[in-house]
Amino acid sequence: MENSTGKAVCPYCGVGCVIRATVQDNKVMRISADDDVAPNYGMLCPKGAHLKQVFQNHDGRLAYPMIRDRRGEPPRQVSWDEAIAFTANRLHEIQLAHGKDSIALYGSGQLDTEASYVFNKLFKGFLRTNNVDTNSRLCMSSAVVGYMQSFGSDGPPTCYDDIQHADVFLIIGANMAVNHPVLFQMIRKRRATEPNTRIITVDPRRSKTAEHSDIHVPLAPGSDVAFLQLIAKRLIAIGRVHRRFVRRNTENFSAYENHLDSLDEDELLAACDIHPARIDEIVEYLSKPSRLLSFYCQGTNQSTSGVDKNVALINLHLQLGEVGIKGAGPFSLTGQPNAMGGREVGYLSHQLPGYRVVTNDMHRAYLEGAWRVPPGSIDPKPGLTAVPMFEAAAEGKVRALWIACTNPAVSMPDTKVSQAGLRRADLVIVQDCYYPTETSEYADVILPAAQWGEKQGTMTNSERLVVRSEQFLTPPGEAKPDWWIFTQVARAMGFKRNFDFYTHQEVWDEYRLLTAGTPCDQMGMTNERLAKTSLRWPCPYPRHPGTPRRYTRRKFFTASEKAQFHTPVYKPPDEDTDAEFPLGLTTGRVESQWHTRTRTGKVPQLVRKDPEPFVEIHPDDAVENDVQDGEWVYLVGRRGRCYAKARVTEAIRRGLLFTPFHWGDLFHAETNANYVTNSAFDPVSKQPELKFCAVRIETDTV
Ligand code: SF4
């Protein structure tokens, strides 16, 4: 591709900034924020701003298909024809020999909607297995269930414009300043121009977000339900209930009120382990009519009670009548650029396109008709979710794993299990932009994918904004768009007529029609419109302007059309500390790196900021464990150990450690934090508790 310009959605976080690129001789010469269009209004964070450096060379890019004849040996380059035929034949043989559920696909919220649609259709409709899950399960499946339980539909009610109208920002379980920086800049601008606004951050760490907040609540890890119920109870006690909203638009408020009434304030406070003054201050802010906008992310979701935490927060909004109005509402943040689009496509193991679910007879029948497969083709039983999928592979029950655009040999909790699954599987297909990755070391076939700027495609950001990305770069070698790769395999497996896609626009059009009449209706988002503008769903017909805010008419997607109060009960994290493992460990991210560093680990400007894994430790714990600042230490847990450089800081609670999870085995054999983390998961959302496990510190063996 010669000289050109173009724009595409940032490939990193769910804020979904639109980035412009100027290209010369297939090299990115300049990166800038798209300032005419929301969502980023001219702003970028360091990750987005350094995309140019990613394209200075093709360092580590996977450019050609490869097949590995024997595990442990280097793979050999093959043609696309050979790679596709090999993949299709092996999947077919394995299903024939071991049954339809012996294969599984593990995808990613970084895949575009077109790619997610094609693999979901292939597996659920044609290969007849629901063993399709993605790394969104690790990120936000608790938010999905929370919305479903309270509103009857997934998807946030809010939009970024609400920041300009909010009075109080409650940021709970999210380090926005680091992980959603552009959005946090918008909040800070609002705070600067409207001095009466307030930012409350609830986080066991004094994070960068907390440093810029009016109140920081350093609550005990996992005690969010107790905290939210304590606030709700205190507000009810002073009459802060929007009685008219509750009476007209909700159900089960009495049960909720009675439940809160039965809870002991001192016990709730003890669970949170915070100074009562923090609660008094928050209640004071919320005691007056104010527009409350809440942001939350992995801190609430990655928990064995993640759904309860989501529901407790939505309860608070319902109690205050702060849903479906400007400047207020519960706003879940998506970690990845297209985790929202993936949910709309139905790429979790219980879902189908258009927020449908496999357990619903009518939903299955509709998709079977649309996909022209015989009735009964779609299994009514949800497939394996992320953690059980790799466990089943490790037990020899799942024999083929197709990993697309993610790196589970680093990112899964209790990673030794996912590695065992990859090792034991008869067939591992890895589809990625980069090689090697920790996961591709296990692969039998390796398929090169085009990345940011090298393909067209569609993504939905955290505020339901659907954005079409342009192509302005030629991919290296023979790398292809993900939707093309899935389509070719489907065709090679004998489904030519049903996967008659030659452009991403054709895929989009087929998918778009399936959303008609659903809560995430995108019927009005034609290819022609998306080429010119971005739109928030629902957008049911071609002249529809899109919908910034949902539930403005107070009609929810429940049977009664009323929002539902629930009565969650506070439960501590799954794993407890004891004499052998006396410290808690929480994991998270740093601003300059993304997931397992396959892309950002190659950008010197980003690597410089945090060149190696570290662990934050409170000064008192450092003294007790004889740890010096800057010393390398082992974090030893019940499942394994990892090592990291100690950062002694008062920003972390006493008794708790924090370490980022970015560094895998390619950096060093023992720096993966997920060798230590716990794979216990929420019973409903199946999201694992990456945010808490018990460890001890060892220094003498490093
Ligand atoms: S805030 Fe998120 S979407 Fe925006 S530039 Fe940074 S990483 Fe990309």
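Counting restarts for each chain, with residues numbered from 1 along the sequence as it is written. Per-residue local features of the predicted model are confined to residues with pLDDT of at least 70, and side-chain atom pairs are confined, for both listing and counting, to 80 or more; whole-chain, interface and lining totals are unaffected and use all residues.

### Some words on the packing of helix α4 (residues 113–126) against helix α21 (residues 482–492)
Part 1 of the reasoning: Axis lines are fitted through C-alpha atoms, for helices just across the contact stretch, and the angle between N-to-C directions can take any value from 0 to 180 degrees. Helix and strand labels come from DSSP, where a helix needs a run of H or I of at least four residues and a strand needs a run of E of at least two; each type is numbered from the N terminus. Orientation of α4 relative to α21, taken along the N-to-C sense of each, is 25°, at an axis distance of 7 Å. For the element pair α4 / α21, the angle class is roughly parallel. Regarding α4 and α21, the two cross each other, and that crossing is left-handed. Together, E114, A115, V118, F119, L122 and F126 of α4 and D482, W483, F486, T487 and A490 of α21 make up the contact between the two elements. Reported orientations rely on four angle classes, namely roughly parallel under 35 degrees, roughly antiparallel over 145, roughly perpendicular from 65 to 115, and oblique for the rest. Two helices crossing with the near one rotated counterclockwise from the far one by less than a right angle form a left-handed crossing, whereas a clockwise rotation gives a right-handed crossing. C-beta atoms are first placed from the backbone for all residues, and any pair lying within 7 Å is then listed as a contact.

### Some points on the domain arrangement of the protein
Part 1 of the reasoning: Delimitation of the domains relies on an automatic or database domain assignment. Along its sequence, the protein is carved into domain 1 (4–54), domain 2 (66–139 + 337–536), domain 3 (156–332) and domain 4 (583–698).
Part 2 of the reasoning: On a C-alpha basis, the centres of domain 1 and domain 4 stand 30 Å from each other.
Part 3 of the reasoning: Contact with domain 1, which involves seven residues of that partner, is made by nine residues of domain 4.
Part 4 of the reasoning: When its residues are assigned to classes, the side of domain 1 that touches domain 4 shows four nonpolar, two polar and one charged. Ten residues, namely Ala, Val, Leu, Ile, Met, Phe, Trp, Tyr, Cys and Pro, are considered nonpolar, four, namely Asp, Glu, Lys and Arg, are considered charged, and the remaining ones, Gly among them, are considered polar.

### Examining the sheet that holds strand β13 (residues 329–332)
Part 1 of the reasoning: The pairing criterion is simple: DSSP has to find at least two bridges between the two strands. Read from one edge of the open sheet, five strands run β10-β9-β8-β12-β13, paired in parallel fashion. On the outer flanks of this sheet lie β10 (215–217) and β13, each paired with one strand and no other. Within this sheet the neighbouring strands show an average axis-to-axis angle of 15°, counted without direction.
Part 2 of the reasoning: Of the strand pairs in this sheet, strand β8 (residues 168–172) and strand β12 (residues 292–296) are connected by five bridges, and their pairing is parallel. Within β12, the position partnered with I172 by the bridge is Y296.
Part 3 of the reasoning: Across the sheet, helix α13 (residues 276–287) touches β8, β9 (198–202), β10 and β12, and the angle it forms with β10 is around 130°.

### Considering α21
Part 1 of the reasoning: Most of α21 sits inside the fold, with nine of its eleven residues counted as buried.
Part 2 of the reasoning: Buried, partly exposed and exposed are defined by the number of other C-beta atoms within 10 Å of a residue's own C-beta, namely 20 or more, between the two limits, and 12 or fewer respectively, with C-beta atoms placed from the backbone. Of all the residues in α21, the buried ones are D482, W483, W484, I485, F486, T487, Q488, V489 and A490.
Part 3 of the reasoning: Contacts made by the buried residues of α21 are with α3 (80–98), α4, β16 (400–404), β17 (427–432), β18 (445–448) and α22 (504–514).
Part 4 of the reasoning: Backbone geometry just downstream of α21 places G494 in the positive-phi region, at approximately 105°.

### Some details on helix α7 (residues 181–193)
Along an α-helix, residues three or four apart share an orientation, since each turn contains 3.6 residues.
Part 1 of the reasoning: Multiply 1.5 Å by the residue count of a helix minus one, and that product is the helix's expected span. With 13 residues, α7 should reach 18 Å at 1.5 Å per residue; the first-to-last C-alpha distance of 18 Å fits that figure.
Part 2 of the reasoning: Taken together, the buried positions of α7 are occupied by P181, V182, L183, F184, M186, I187 and R190.
Part 3 of the reasoning: Summarising the contacts, the buried residues of α7 are in contact with β8, α6 (176–179), β9 and α8 (208–211).

### As for the site of the ligand
Part 1 of the reasoning: Taken together, 14 residues lie around the ligand, and C10, C13, C17, C45 and G48 are the ones closest in.
Part 2 of the reasoning: Put simply, the parts of the chain that give the shell around the ligand at least two residues each are α1 (46–49) and α7.
Part 3 of the reasoning: Tallied by class, residues from the shell around the ligand come to nine nonpolar, four polar and one charged.
Part 4 of the reasoning: When residues of the shell around the ligand are sorted by domain, at least three fall in each of domain 1 (4–54) and domain 3 (156–332). All residues are tested the same way: a C-beta atom is placed from the backbone, and lying within 6 Å of a molecule or strand makes the residue near it.

### A word on the pairing of β16
Part 1 of the reasoning: Within β16, five of the five residues are buried, leaving the element largely enclosed by the surrounding structure.
Part 2 of the reasoning: Alternating positions in β16 separate into two faces, A400, W402 and A404 on one and L401 and I403 on the other, with burial throughout.
Part 3 of the reasoning: Sheet analysis places strand β6 (residues 103–107) next to β16, joined by four bridges and oriented parallel. Note that in β16 the partner of I103 across the bridge is A400.
Part 4 of the reasoning: In this structure, β16 lies alongside β17, joined through five bridges in parallel fashion. From the neighbouring strand, I403 faces β17, where its bridge partner is V430.

### Topic: the environment of T596
Part 1 of the reasoning: Position of T596 among the secondary structure elements: in the loop between β23 (583–588) and α24 (604–607).
Part 2 of the reasoning: Spatially, the C-alpha atoms of T596 and V358 are 32 Å apart, while their sequence positions differ by 238 residues.
Part 3 of the reasoning: When sequence neighbours within four positions are dropped, the list of residues in contact with T596 reads N407, V410, S411, H662 and G664.

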